[in-house]
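Descriptive analysis of the structure
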Amino acid sequence: MSPLRITGVEALDVRFPTSRDLSGSDAMNPAPDYSAAYAVLRTEEGLDGHGLTFTIGRGNELCVAAIRSLSPFVVGRTLESITRDMAAFWYALTGDSQLRWVGPEKGVIHLAAAAIVNAVWDLWAKAEAKPLWKLLVDMTPEQIVACVPFRYITDALTPEEALEILRRNEGTRAAREARMLKEGYPAYTTSAGWLGYTDERVRELCREAVAQGFTHFKQKVGADIEDDVRRAALIREEIGAGRKLMMDANQVWDVEEAIASVRRLAEFDPYWVEEPTSPDDVLGHARIAEAVSPIRVATGEHCQNRVVFKQLMQAGAIGFCQLDACRLGGVNEVLAVLLMAAKFGIPVCPHAGGVGLCEYVQHLSIFDYIYVSASLEDRVLEYVDHLHEHFVEPVRIENGRYMPPQAPGYSIEMRPESLQEFAYPSGPAWEGGA
Ligand SMILES: C[C@H](O)[C@@H](O)[C@@H](O)[C@H](O)C(=O)O
Ligand SMILES: [Mg+2]
């Protein structure tokens, strides 16, 4: 193990003016600027760990400040002293009593913790010269379990059960790894269906995505039901009855309103309805799930921690788990949710509508398939076609599938020129204001 010592943390405010063309828009978020609170862990040896947390513009500065507040938990430490007991590190970072008060394990402080945790994993994977998914795949079940924060979830999943899940498909793991390397992980596209796009643009983008080999498409709904119906009809016209159509309401409906709206949209055969109501309303999701069945409910991009996911699963409230790589507290907490989902038999289709999220989640889903779920049934990974050019190792999509990244790390390092150009508010991209 390398003696890498972390000597400092840089926290950067990086924003992309996506609101100018309404890419990323939905019923709740009409004009997002895809942004990153970006952390760089510097080491004496010159190898850096990179991590980011995703926001949609204003408020990014709060996450940047929170990254600075958390940096004493990594500065001065060697990588080895962290990786020797990853769970202990995670508890220390998320458990400082005074900082925990402004969470706990939720909101700005948890988003910032995720940036740092993910930067540590990036550094670890780089030190081992492996892409993050492979670092995880090469661990023993015991080593993986040692990274998982089990506090608050042992009533749903014990470490022994987690070990059992990780061991049960051991014999076929190599075959799944080979399959991933050959075929990649199936993706769906959200890029055709942003709410602010005109009907013509939606049509055009659907055609392009069909030609690129996509089989699953997501549309935004929830601003106006008549618009939703019209857009669903035109997307169905473009993609045909055989391809899947998901609908994402981004939390705008009340519970009964959600049920009525999904019933109205049912004629377009939605594969799932996403974020139908408040992300914290576990029982509301359960009620919706029951009422709109067999259409399934998906949620998770705003699910703040493993505890809420536990409850959603225990309550039978979700049919798809859309965990977010940096809304949860980084890789450690993601592992907890992947394992719970395996126990409850819920497919994980991570959230990736944001900057850098596709880069992150490809590692998580590939690992999930090889090591945890061992299944591709009902699993499809979100893809948005924005801002990949700013990453040193951008995602590679072939025929509608994510091809496994090969470069060491978590694929989240941004190009230095992009960090400079989109620095907020001083970078050239922001000259003249927002
Ligand atoms: C504001 C963002 O683009 C969201 O609309 C996006 O994350 C979306 O919910 C998604 O599912 O990708
Ligand atoms: Mg969504």
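Here the structure is a predicted model, which is why all the values come from computation and not from measurement. (Residues numbered from 1 in each chain as written. Chains lettered and ligands numbered in written order. Predicted model: local features only at pLDDT ≥ 70, side-chain atom pairs only at ≥ 80, totals over all residues.)

Describing the site of ligand 1
Selection rule: The C-beta atom of each residue is placed using the backbone, and any residue whose C-beta lies within 6 Å of a molecule or strand is treated as near it. Residues are grouped as follows: Ala, Val, Leu, Ile, Met, Phe, Trp, Tyr, Cys and Pro are nonpolar; Asp, Glu, Lys and Arg are charged; every other residue, Gly included, is polar. Start and end points for every domain follow an automatic or database-based domain assignment.
The local shell around ligand 1 holds 13 residues, among which Gly24, Asp26, Asn29, Pro32 and Gly353 are the closest. Of the residues assigned to the shell around ligand 1, the class counts are 2 nonpolar, 7 polar and 4 charged. Inspection of the shell around ligand 1 shows a minimum of three residues originating in each of domain 1 (6–131) and domain 2 (163–417).

Here's the deal with the domain arrangement of the chain
Put simply, the test is: Placing C-beta atoms from the backbone, we regard two residues as in contact once those atoms come within 7 Å. Helix and strand definitions follow DSSP, with helices as H or I runs of at least four residues and strands as E runs of at least two, each counted in order from the N terminus.
Its domain assignment divides the chain into domain 1 (6–131) and domain 2 (163–417). With centres defined by C-alpha atoms, the gap from domain 1 to domain 2 works out at 22 Å. Contacts between domain 1 and domain 2 engage 40 residues on the former and 40 residues on the latter. Of all the secondary-structure elements, those providing two or more residues to the side of domain 1 that touches domain 2 are strand S2 (35–43), strand S3 (49–55), helix H3 (86–95) and helix H5 (107–127). Tallying contributions element by element places H5 first for the side of domain 1 that touches domain 2, with 11 residues.

Remarks on the UniProt feature "domain: Mandelate racemase/muconate lactonizing enzyme C-terminal" (unreviewed entry) in the chain
Just so we agree on the cut-off: UniProt positions are given in the numbering used here, feature names are shortened, and annotations may be inferred rather than shown by experiment.
Here the UniProt-annotated "domain: Mandelate racemase/muconate lactonizing enzyme C-terminal" (unreviewed entry) positions come out as residues 199–295. Secondary structure across residues 199–295 divides into 52% helix and 15% strand, with the first and last C-alpha atoms of the span separated by 25 Å.

A short note on the packing of helix H1 (residues 60–70) against H5
Between two packed helices, the angle of one axis relative to the other and the distance separating the axes together describe the packing. Inclusion rule: Every axis corresponds to a line fitted to the C-alpha atoms, with the helix fit spanning only the stretch in contact, and the corresponding angles, defined between N-to-C directions, vary from 0 to 180 degrees. For any helix crossing, the convention is left-handed if the near helix is rotated counterclockwise from the far helix by under a right angle, and right-handed if that rotation is clockwise.
It is at 8 Å that the axes of H1 and H5 come closest, and there the two elements cross at 65 degrees. Handedness of the H1/H5 crossing: right-handed. Residues Leu62, Cys63, Ala66, Ile67 and Leu70 of H1 lie in contact with H5, whose contacting residues are Val108, Ile109, Leu111, Ala112, Ala113, Ala115 and Ile116. Its residues assigned to classes, the contact of H1 with H5 comprises 12 nonpolar, no polar and no charged.

Focus on the sheet that holds S3
This is how it is decided: Pairs of strands are assigned from DSSP output, requiring at least two bridges between the strands.
A sheet is described by the order of its strands in space; here 3 strands give the open sequence S1-S2-S3, paired in antiparallel fashion. The open sheet terminates on both sides in strands that have one partner only, identified here as strand S1 (6–15) and S3. The average angle at which neighbouring strand axes cross in this sheet is 15 degrees, direction not considered. Contacting S2 and S3, H5 crosses the sheet at an angle of about 150 degrees to S3.

Some points on the environment of Trp253
Residue position: Trp253 is located in the loop between strand S6 (244–248) and helix H12 (255–265). The spacing of Trp253 and Arg231 is 22 residues in sequence and 18 Å in space, taken between C-alpha atoms. When residues no more than four places from it in sequence are discounted, the contact partners of Trp253 are Gly222, Ala258, Ser261, Pro276 and Thr277.

Here we look at H5
Quick reminder: α-helices carry 3.6 residues per turn. Residues three or four places apart thus point the same way. In plain terms, the rule: A helix is expected to reach a length of 1.5 Å times the quantity of its residues less one. Buried residues are those with 20 or more other C-beta atoms within 10 Å of their own C-beta, exposed residues have 12 or fewer, and partly exposed residues lie in between; C-beta atoms are placed from the backbone.
With 21 residues, H5 extends 30 Å from end C-alpha to end C-alpha; this agrees with the ideal 30 Å at 1.5 Å per step. Extensive coverage of H5 is indicated by the burial of 20 of its 21 residues. The first or second residue beyond H5 is Ala129, which carries a positive phi of 55 degrees.

Regarding the confidence of the model for the chain
This is how it is decided: Residue-level confidence of the predictor is what pLDDT reports, using numbers from 0 through 100.
For the chain, the mean per-residue pLDDT works out to 97, and 100% of the residues sit at or above 70. This complex was scored by the predictor with a pTM of 0.98 and an ipTM of 0.98.

Some details on the environment of Lys106
Relative to the elements of secondary structure, Lys106 occurs in the loop between helix H4 (97–100) and H5. Counting along the chain gives 104 residues from Lys106 to Val210, while the straight-line C-alpha distance between them is 38 Å.

As for unusual backbone geometry
The residue after Ser293, namely Pro294, is reached through a cis peptide bond having omega 15 degrees. Here Tyr424 and Pro425 are connected by a cis peptide whose omega angle stands at 0 degrees. Note on placement: Pro425 falls in the segment after helix H17 (416–421). Positioned with a positive phi, Glu275 is a non-glycine residue whose angle comes to about 40 degrees. Along the polypeptide, Glu275 turns up in the loop between strand S7 (270–274) and helix H13 (282–292). For Glu275, a count of 28 C-beta atoms within 10 Å gives the class buried. The backbone phi angle of Ala374 is positive, close to 60 degrees, even though this residue is not glycine. Structurally, the position occupied by Ala374 is in the loop between helix H16 (357–372) and strand S10 (381–383). Overall, Ala374 belongs to the partly exposed group, with 17 C-beta atoms counted inside 10 Å.

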